[in-house]
Amino acid sequence: MTTSHTQAIKILRPDSITAGERAIAIEVPVAIEIDGLGYAVMMMTPANLEEFSTGFLLTERLADSADDVRDIDIFEAEAGWIVRVGLSDRCKGRIHDRVRHRTSDTSCGLCGISGLEQLRKPVSRTPPKPDTPVDALFAALGGLRAHQPLNAATGAIHAAAACDREGRIVSAYEDVGRHNALDKLVGGIAIKGQPIDGFILVTSRISFEMVDKALIAGAPMLVGISAPTSLAIDHARGHGLTLLALARSDAILVVNDPWDVFA
C-alpha cells in the first residue's frame, strides 16, 4: 500500500525562490464494515489495516480479543479502501446494538456518538504498576525517530509505540490520525499476543480517547510528547493509569502517579 507520494513545490527564502520536491503523506477514506453493516469511515493512512481493524474493534468494545475478529477482507475501491470484518458468535449482537453510520476524522474520535452516556464505556481491568526506570523513558524518546520513517519523509504523521521496561521500542505504527496510529498499535499487539510490560509512547496530544485506548491495551503507563486534556487526566485517575506528558529530551511531566512510582 502506498503511504506517500512526491509533489513539486516551491521553497521561499528571504532572498530566493527555488523549485523542489516534497514527500506528501497519503490520506484516504477507509470504510469499516462489520458483519455486513457499515460502521465507520475513517480518514487515515492506508497501511496496517488489519492491525487497525483489530485495534479499532477492541477499543470500540465490539470485540474482546483478537480472536473475536474474523474474516478480515481488505480491498481498494474507487473512492478509497474497504475493510470487511466478521465477529465471533459471542460478539455478533454488539454491532446490532450500536450500529450507526458515522464519519470520523483525524481530529476527533467521538464522532457519531449519539448520547453523552455512551462516552463512559466500561474498562474491565486496572492497569498494572509500572516498573520502568526514568532513564528508560528518555531512551525511548531518543529512539522513537528511528521508528517514524513516514513522518521523516512527510512531516505529517503521528506515531504510537509500545516500549519495554528498558525503553526499547518493540512495536510502532504511524498514521495521519493519532487515534488510528494507537488503534494500529493496540491491534498489532493483540494479534501477536504481545502484552505491554513497559509503556505506550505517543507523539500527539493525550485526549480522553487516547487514555481509553491505552486502558484497553492493558498498558501500565501512557507517555505523550504533547499535553493532556482535563478529561484525559480525569479518566486516567479514575482507572489508575500512570500518565506522563510533555515528554522532552530534558524533562517529562508526571501528571498521574497512582502507585507513587516517581515519588
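Now for a look at the structure at hand.

What counts, and where the lines are drawn
- Residues numbered from 1 in each chain as written.
- Predicted model: local features only at pLDDT ≥ 70, side-chain atom pairs only at ≥ 80, totals over all residues.
- Heavy atoms only, no water.
- Helix = DSSP H or I, 4+ residues; strand = E, 2+ residues; numbered from the N terminus.
- Polar contact = N/O pair within 3.5 Å; in protein donor to acceptor, adjacent residues only side chain to side chain.
- Contact = heavy atoms within 4.5 Å.
- Core = buried A, V, L, I, M, F, W, Y, C linked by side-chain atoms within 4.5 Å.
- Buried < 20%, exposed > 50% of the residue type's maximum accessible area, 1.4 Å probe, protein only.
- Salt bridge = Lys/Arg side-chain N within 4 Å of Asp/Glu carboxyl O.

1. Thoughts on the side chain of Glu174
Tracing the sequence through the fold places Glu174 in strand S9 (residues 169-175). For Glu174, the side chain forms a polar contact with the main-chain nitrogen of Leu150, separated by 3.0 Å. Separated by 2.9 Å, the side chain of Glu174 and the backbone nitrogen of Asn151 make a polar contact. When residues no more than four places from it in sequence are discounted, the contact partners of Glu174 are His147, Gln148, Pro149, Leu150, Asn151, Ile157, His158, Ala159, Ala181 and Lys184.

2. Some words on the nonpolar core
What tends to happen in soluble globular proteins is that the nonpolar side chains get buried as a cluster. Grouped together as the largest cluster of nonpolar side chains are 51 residues, with contacts concentrated most on Leu57, Ile200, Val211 and Leu222. When residues in this core are grouped by element, the largest group, six residues, is from helix H6 (residues 208-217). Excluding its chain neighbours within four sequence positions, the residues that come into contact with Leu222 are Ile200, Val202, Ile206, Met210, Val211, Ala214, Leu241, Thr242, Leu243 and Leu244. If you look at the next biggest cluster of nonpolar residues, it comprises 14 residues, including Cys163, Phe199, Leu201 and Ile252.

3. Here we look at the pattern of salt bridges
Side chains that differ in charge, positive against negative, can pair when their charged atoms come close. Evaluation of the coordinates by the stated rule reveals eleven salt bridges. We note a salt bridge from Arg61 to Asp212, for which the minimum N-O separation is 2.8 Å. Taken together, the residues span a long stretch of sequence, with Arg61 in the loop between helix H1 (49-59) and strand S5 (69-77) and Asp212 in helix H6 at a distance of 151 residues. A relative accessible area of 15% places Arg61 in the buried class. Residue Asp212 is classed as buried on the basis of its relative accessible area, which comes to 7%. Residue Lys213 pairs with Asp183 through a salt bridge whose shortest N-O separation is 3.1 Å. Note that Lys213 is positioned in helix H6 and Asp183 in helix H5 (residues 178-192), a separation of 30 residues in sequence. Judged by its relative accessible area of 1%, Asp183 falls in the buried class.

These values are about where atoms sit, not about what they do.
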